[in-house]
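Structural characterization, general
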Amino acid sequence: MDNELRIGVVGAGRMGYDHIKRIHSTINNAAVSAVIDIDEEKAKQAVEGIEGAQVFTNFETALEADAFDAVLIATPGFLHTPVLLPSIKKGLPILCEKPLTTDSVSSWEIVQAEVEAGKRLVQVGFMRRFDAGYQQIRSLVEGCEHGELLQLSCEHINPDVPASYTGRNLIDDTVVHEFDGIRFLTGEEIKNVQVRAGKKSKYASADLNDPAQVLIETEGGILVTVNTHVVSQYGYAVTTKGIFEEKHVSVGEDQVCESFEPRFVDAYDAEVQAWVDASLTGTQVGPSAWDGYAAVACCEAGIEAEASGKIVEVSLNQKPDLYK
Ligand code: ISE
């Protein structure tokens with residue numbers, strides 16, 4: 001690998017297209033060398049104006065053609081495993097959009113594949129870890145300037161969601177960001193999850209209870225509330241308040257946008273640049289396959305909690321040494 005990372009982007013939908021444009025126009029020392037999408041027209045449109053980028057409709061073919069040195073996966077979660085496993089086997093650096101996979105058994109398979117490879121190859125696309133506000137709270141937790149962190153109070157607001165979006169998606173597509181965010185901000189694993197839904201918005205479909213309150217406890221006893229309002233009709237907003245022993249610190253309150261792309265543009269840019277820089281030196285940074293697995297395990301507990309209204313414990317396998 002020389003000092004330009006040749007990236008194959010798998011999936012040219014909303015997130016894939018956004019990353020393709022980002023790599024082409026903003027990211028240093030990287031180029032989109034291939035786009036793989038079952039919809040050839042979509043892939044062709046995505047590479048318009050990008051010299052030398054090849055188009056494939058099949059991942060195996062692209063892998064055999066040696067068309068890239070690193071893989072960015074931006075397909076829906078249920079399609080991740082067949083791209084992740086051969087890429088890990090080939091020793092390629094991977095940036096995988098969340099969720100790592102859609103259940104903890106297959107996510108654990110990814111962790112084990114990496115352990116077998118003997119090195120970290122996967123960074124999971126939890127971009128909030130690269131957001132300035134999140135980093136501010138994280139550094140206050142680490143530095144203990146205002147005493148210890150006692151609680152977190154989060155809001156996750158979307159203008160609307162697709163018609164197919166259900167209560168399950170509220171957890172594994174939306175609150176999944178808070179599961180990872182809480183683990184990042186507190187440095188602790190999540191112990192249990194409860195979901196409460198009260199009066200429902202007239203804009204929420206039959207299969208969705210929104211707004212909802214997700215109540216989360218970490219292993220160290222930090223309590224977190226996540227208020228969701230994904231059919232808010234007015235905008236995209238993500239806010240987080242850290243309740244410390246001597247101060248309350250809120251971030252994100254003045255950032256109401258149309259959607260997640262403009263809200264987190266700086267975080268996405270920083271995330272992809274960090275991945276490129278690390279990949280060029282043969283290392284990996286940011287959220288790992290273990291973090292991806294842990295978030296999926298929290299989603300499983302959350303989905304059960306959403307259905308039952310009960311407090312559900314999160315169950316995790318033992319953390320392999322590779323991630324300690
Ligand atoms: C979407 O897939 C995202 O990842 C956004 O960050 C989140 O706010 C939204 O709820 C999800 O649907």
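**Structural notes on the packing of aromatic side chains**
- Taken as a whole and judged by the stated rule, the model has six aromatic pairs.
- Judged by centre distance (5.9 Å) and plane angle (20°), the ring pair of Phe59 and Phe68 falls under stacked. Phe68 shares its class with Phe59; the two are buried.
- Pairing Tyr236 with Phe260 gives two aromatic rings, centres 6.1 Å apart and planes at 65°, and the pair type is edge-to-face. With a gap of 24 residues between them, Tyr236 in the loop between strand E10 (223-229) and strand E11 (237-244) and Phe260 in helix H8 (residues 260-263) connect regions that are remote in the sequence.

**What about the packing of helix H6 (residues 132-143) against helix H7 (residues 167-186)?**
- Their axes nearest at 8 Å, the elements H6 and H7 cross at an angle of 35°. Across the interface between the two elements, Tyr134, Ile137, Arg138 and Val141 from H6 touch His177, Gly181, Phe184, Leu185 and Thr186 from H7.
- Taken together, the residues of the contact of H6 with H7 sort by class into five nonpolar, three polar and one charged.

**Looking at the layout of surface pockets**
- Of the pockets and cavities examined, the largest pocket occupies roughly 980 Å³.
- Around the largest pocket, the lining comprises 32 residues; the ones closest to its centre are Arg14, Lys98, Pro162, Asp173 and Phe260.
- Among the elements of the structure, helix H1 (14-25) and H7 are those that each provide at least two residues to the lining of the largest pocket.
- For the lining of the largest pocket, the element with the most residues is H7, which contributes six residues.
- Taken together, the residues that form the lining of the largest pocket break down as 13 nonpolar, eleven polar and eight charged.

**Structural notes on the domain arrangement of the chain**
- When the domains of the chain are assigned, the result is domain 1 (5-125 + 268-288) and domain 2 (129-259 + 294-323).
- Listed as interface residues are 23 residues of domain 1 and, on the opposing side, 16 residues of domain 2.
- Buried area between domain 1 and domain 2, summed over both chains or domains, comes out near 1500 Å², and the portion from carbon and sulfur atoms is 67%.
- When the buried area of domain 1 at its contact with domain 2 is split by residue, Lys98, Trp108 and Pro287 rank highest and sum to 32% of it.
- In this assembly, domain 1 and domain 2 are joined by one salt bridge.
- Between Lys98 and Asp173 there is a salt bridge, with the nearest N and O atoms lying 2.9 Å from each other.
- Elements that contribute at least two residues to the side of domain 1 that touches domain 2 include exactly helix H5 (104-117) and helix H9 (265-280).

**Notes on helix H4 (residues 81-89)**
- Burial in H4 covers these residues: Thr81, Val83, Leu84, Ser87 and Ile88. Projected onto a plane normal to the axis of H4, the buried residues spread over an arc of 160° and lie on a single side. Away from its buried face by more than 90 degrees, H4 exposes Pro82 and Lys89.
- On the buried face of H4, the contacting elements are strand E1 (5-10), helix H3 (59-64), strand E4 (70-73), strand E5 (94-97), H5 and strand E6 (122-125).
- Looking one or two places after H4, you find Gly91, whose phi comes out positive at around 75°.

**Notes on the pattern of salt bridges**
- The tally for this structure, following the rule as stated, stands at 17 salt bridges.
- We note a salt bridge from Arg128 to Glu178, for which the minimum N-O separation is 3.0 Å. Placement of Arg128 in the loop between E6 and H6 and of Glu178 in helix H7 is noted, with a sequence separation of 50 residues between them.
- Its salt-bridge partner being Arg263, residue Asp131 comes within 3.4 Å of it at the nearest N-O pair. Of this pair, Asp131 sits in the loop between E6 and H6 while Arg263 sits in helix H8, and the two are 132 residues apart along the sequence. One exposure class covers both Asp131 and Arg263, and it is buried.
- Sharing partners across several salt bridges, the network here consists of Arg129, Asp180, Arg183, Glu189 and Asp291.

**As for the nonpolar core**
- Phe68, Val71, Val122, Phe179 and Ile216 are the most contacted members of the largest nonpolar core, which has 72 residues in total.
- Of all the elements, helix H10 (residues 289-308) adds the most residues to this core, at ten residues.
- Residues lining this core come from more than one domain, with at least three contributed by each of domain 1 (5-125 + 268-288) and domain 2 (129-259 + 294-323).

**Re the environment of Val265**
- Locating Val265 in the fold gives a position in helix H9.
- Residue Val265 is classed as partly exposed on the basis of its relative accessible area, which comes to 35%.
- Here the alpha-carbon distance between Val265 and Met127, two residues 138 residues apart in the chain, equals 9.3 Å.

**Description of the state of the cysteines**
- In this structure the tally under the stated criterion is zero disulfides.
- We note that Cys154 lacks a disulfide partner, and the nearest cysteine sulfur, in Cys298, lies 13 Å from it.
- For Cys154, a relative accessible area of 2% corresponds to the buried category.
- Unpaired in terms of disulfides, Cys299 finds its nearest cysteine sulfur in Cys298, a separation of 7.0 Å.

Criteria and cut-off values
Each residue is numbered by its place in its chain's sequence as written, counting from 1. Only residues with pLDDT of at least 70 are given local features in this predicted model, and only at 80 or more are side-chain atom pairs given and counted; all residues enter the totals for whole chains, interfaces and linings. Values reported for side chains reflect all heavy atoms of the structure, with hydrogen atoms and water molecules removed beforehand. Here a pair means two rings of Phe, Tyr or Trp (six-membered ring of Trp) with centres within 6.5 Å. Their orientation is stacked below 30 degrees between planes, edge-to-face above 60, and tilted elsewhere. Residue burial is assigned from relative accessible area. The probe radius is 1.4 Å, only protein chains are included, and a residue is buried under 20% of its type maximum, exposed over 50%, and partly exposed in between. Strands here are runs of E lasting at least two residues and helices are runs of H or I lasting at least four, both read from the DSSP assignment and numbered beginning at the N terminus. Axis definition: a line fitted to C-alpha atoms, over the contacting stretch in the case of helices. Angles run 0 to 180 degrees between N-to-C directions. Any two residues whose heavy atoms approach within 4.5 Å at even a single point are treated as in contact. Think of it as three bins: nonpolar holds Ala, Val, Leu, Ile, Met, Phe, Trp, Tyr, Cys and Pro, charged holds Asp, Glu, Lys and Arg, and polar takes everything else, Gly as well. As defined here, a cavity is a set of points on a 1 Å grid over the protein atoms alone where a 1.4 Å probe fits but cannot get out. A pocket is an open set with protein on both sides within 12 Å along at least five of seven lines, and residues line them when an atom is within 4 Å of a point. Grid points are joined across faces, edges and corners, and a volume is the space filled by probe spheres set on the points. Domain start and stop positions are those given by an automatic or database domain assignment. The term buried area denotes the loss of accessible surface (1.4 Å probe radius) that occurs when two parts are joined, taken as the sum for both partners. Salt bridge, as used here, is a side-chain nitrogen of Lys or Arg placed within 4 Å of a carboxyl oxygen of Asp or Glu. Regarding the arc, it is the one traced by the directions from the helix axis to the C-beta atoms. Here, nonpolar core refers to any group of buried Ala, Val, Leu, Ile, Met, Phe, Trp, Tyr and Cys residues whose side-chain atoms link them within 4.5 Å. The disulfide criterion is simple: two cysteine sulfur atoms within 2.5 Å.

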